[in-house]
Amino acid sequence: GAGVSQSPSNKVTEKGKDVELRCDPISGHTALYWYRQSLGQGLEFLIYFQGNSAPDKSGLPSDRFSAERTGGSVSTLTIQRTQQEDSAVYLCASSAQGAFTEAFFGQGTRLTVV
Amino acid sequence: TQLLEQSPQFLSIQEGENLTVYCNSSSVFSSLQWYRQEPGEGPVLLVTVVTGGEVKKLKRLTFQFGDARKDSSLHITAAQPGDTGLYLCAGTTGGTSYGKLTFGQGTILTVHP
């Protein structure tokens, strides 16, 4: 596709379960970012990938959160033992390399932990 | 931690009115970006400003980057119902070669016909 694609669009899970969120970036974009958007909190940076490596993981809130990227393309964000405070919209963005290049966002995955 | 304070949080105006949204920080940013987000969608970039004092205009939208690169504003002239949405400012920090963004909390704009 032409844009960043995220799946699923919505995910409802029970507290304590593991979830996987997927991001398909724009083809050729080497940089990939994950952000979290909570109600009233704005967007919060989670992790940055350059190719398959993650030089900046500083935003991951706990060791229950992990992410990987394979083939310089698809990325998966995994949350283990989900908690209610993990409920949020998880947004993925991709861009060409550089500090001022435009980031293109996916539509997000709305995660609800019940 | 570098923070961006965005104000106002909510703005409800009538069609044809002008408005300004502010984005302030105690930190210096190497660039400032403004995004607009519709419900159920990701943010979409409106503009990037990189030079202190820079002013950019996009039709009825005027963006300004402060001289010290710590603040920015978005001014909309003669607002229309189609301008309704969430407006976000976001900054990139110096010393990084990649586009890690620090976001403000956002301004929810509602323009009534």
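Remember, predicted model here, so these are calculated numbers, not experimental data.

Caption draft 1: Focus on the overall build of chain A. Secondary structure assignment for chain A yields zero helices and eleven strands. What you see in chain A, going N to C, is helices and strands ordered as β-β-β-β-β-β-β-β-β-β-β. Here chain A has a C-alpha radius of gyration of 13 Å; the compact-globule value for 114 residues is 13 Å, and the two agree. Each principal axis of the C-alpha atoms in chain A carries an extent, and together these give about 35 × 30 × 25 Å. Burial status across chain A gives 48% buried among its 114 residues. For chain A, contacts bridging at least 24 residues in sequence account for 54% of all contacts bridging at least 6. Distance between charge centroids for chain A: 4 Å, based on 10 positive and 11 negative side chains.

Caption draft 2: Inspection of the sheet that holds strand S3 (residues 19-24) of chain A at higher detail. All names here are of chain A. One open sheet accounts for four strands, arranged S1-S3-S8-S7; its pairing is antiparallel. Each edge of the open sheet carries a strand with a single partner, namely strand S1 (5-7) and strand S7 (65-69). Across this sheet, the average inter-strand angle for adjacent strands is 15 degrees, counted without regard to direction. Pairing of S3 with strand S8 (residues 75-79), which is carried by five bridges, proceeds in the antiparallel orientation. Along S8, the bridge assignment pairs Val-19 with Ile-79.

Caption draft 3: Here's a closer look at the layout of surface pockets. When its volume is computed, the largest pocket comes out at roughly 630 Å³. Lining of the largest pocket is provided by 28 residues; of these, A:Gln37, A:Leu39, A:Arg110, B:Gln37 and B:Leu86 occupy positions nearest its centre. For the lining of the largest pocket, the secondary-structure elements that each account for two or more residues are strand S4 (31-38), strand S9 (88-95) and strand S11 (109-113) of chain A together with strand S9 (85-92) and strand S11 (107-112) of chain B. It is S9(A) that provides the largest number of residues to the lining of the largest pocket, a total of three residues. Of the residues belonging to the lining of the largest pocket, the class tally is eight nonpolar, 17 polar and three charged.

Caption draft 4: Up close: the environment of B:Gly82. All names here are of chain B. Among the structural elements, Gly-82 can be located in the loop between strand S8 (71-76) and S9. On the basis of relative accessible area, Gly-82 is assigned to the exposed category, the value being 54%. The spatial distance from the C-alpha of Gly-82 to the C-alpha of Pro-43 is 16 Å, given a sequence separation of 39 residues.

Caption draft 5: Examining the interface of chain B and chain A more closely. At the interface, 23 residues of chain B touch 20 residues of chain A. Across the chain B/chain A interface, buried area totals approximately 1,700 Å², and carbon plus sulfur atoms make up 56% of it. Of all residues in chain B, the largest losses of buried area upon contact with chain A belong to B:Tyr98, B:Lys100 and B:Phe103, amounting jointly to 29% of the total for that side. On the surface where chain B and chain A come into contact, there are one salt bridge.

Conventions adopted
Sequence order as written defines residue numbering, which begins from 1 separately in each chain. Whichever chain is written first becomes A and whichever ligand is written first becomes 1, with later ones labelled in order. Only residues with pLDDT of at least 70 are given local features in this predicted model, and only at 80 or more are side-chain atom pairs given and counted; all residues enter the totals for whole chains, interfaces and linings. For the side-chain quantities, the full set of heavy atoms in the structure was used; hydrogens and water were omitted. Here a strand is any run of E in DSSP of at least two residues, a helix any run of H or I of at least four, and the numbering for each starts at the N terminus. The globule rule used here is 2.2 Å times the number of residues to the 0.38 power, and the radius of gyration it is set against is calculated over C-alpha atoms. Throughout this description, buried means an accessible area under 20% of the type-specific maximum (1.4 Å probe, protein chains only), exposed means over 50%, and partly exposed covers the range between. Only heavy atoms matter for contacts: two residues are in contact if any of them lie within 4.5 Å across the pair. Only four residue types enter the tally: Lys and Arg on the positive side, Asp and Glu on the negative side; His and the chain ends are excluded. Just so you know, the charge point we use is NZ for Lys, CZ for Arg, CG for Asp and CD for Glu. For two strands to pair, DSSP has to find at least two bridges joining them. To obtain each axis, a line is fitted to C-alpha atoms, and for helices this fit is confined to the stretch in contact; angles are then taken between N-to-C directions over 0 to 180 degrees. In the cavity and pocket records, a cavity denotes points on a 1 Å grid over the protein atoms alone where a 1.4 Å probe fits but cannot get out, a pocket denotes an open set with protein on both sides within 12 Å along at least 5 of 7 lines, and lining residues are residues with an atom within 4 Å of a point. Grid points are joined across faces, edges and corners, and a volume is the space filled by probe spheres set on the points. Under the scheme applied, nonpolar residues are Ala, Val, Leu, Ile, Met, Phe, Trp, Tyr, Cys and Pro; charged residues are Asp, Glu, Lys and Arg; polar residues are all the others, including Gly. Accessible area that two parts lose when put together, with a 1.4 Å probe and added across both, is what the buried area reports. Any carboxyl oxygen of Asp or Glu within 4 Å of a side-chain nitrogen of Lys or Arg constitutes a salt bridge here.

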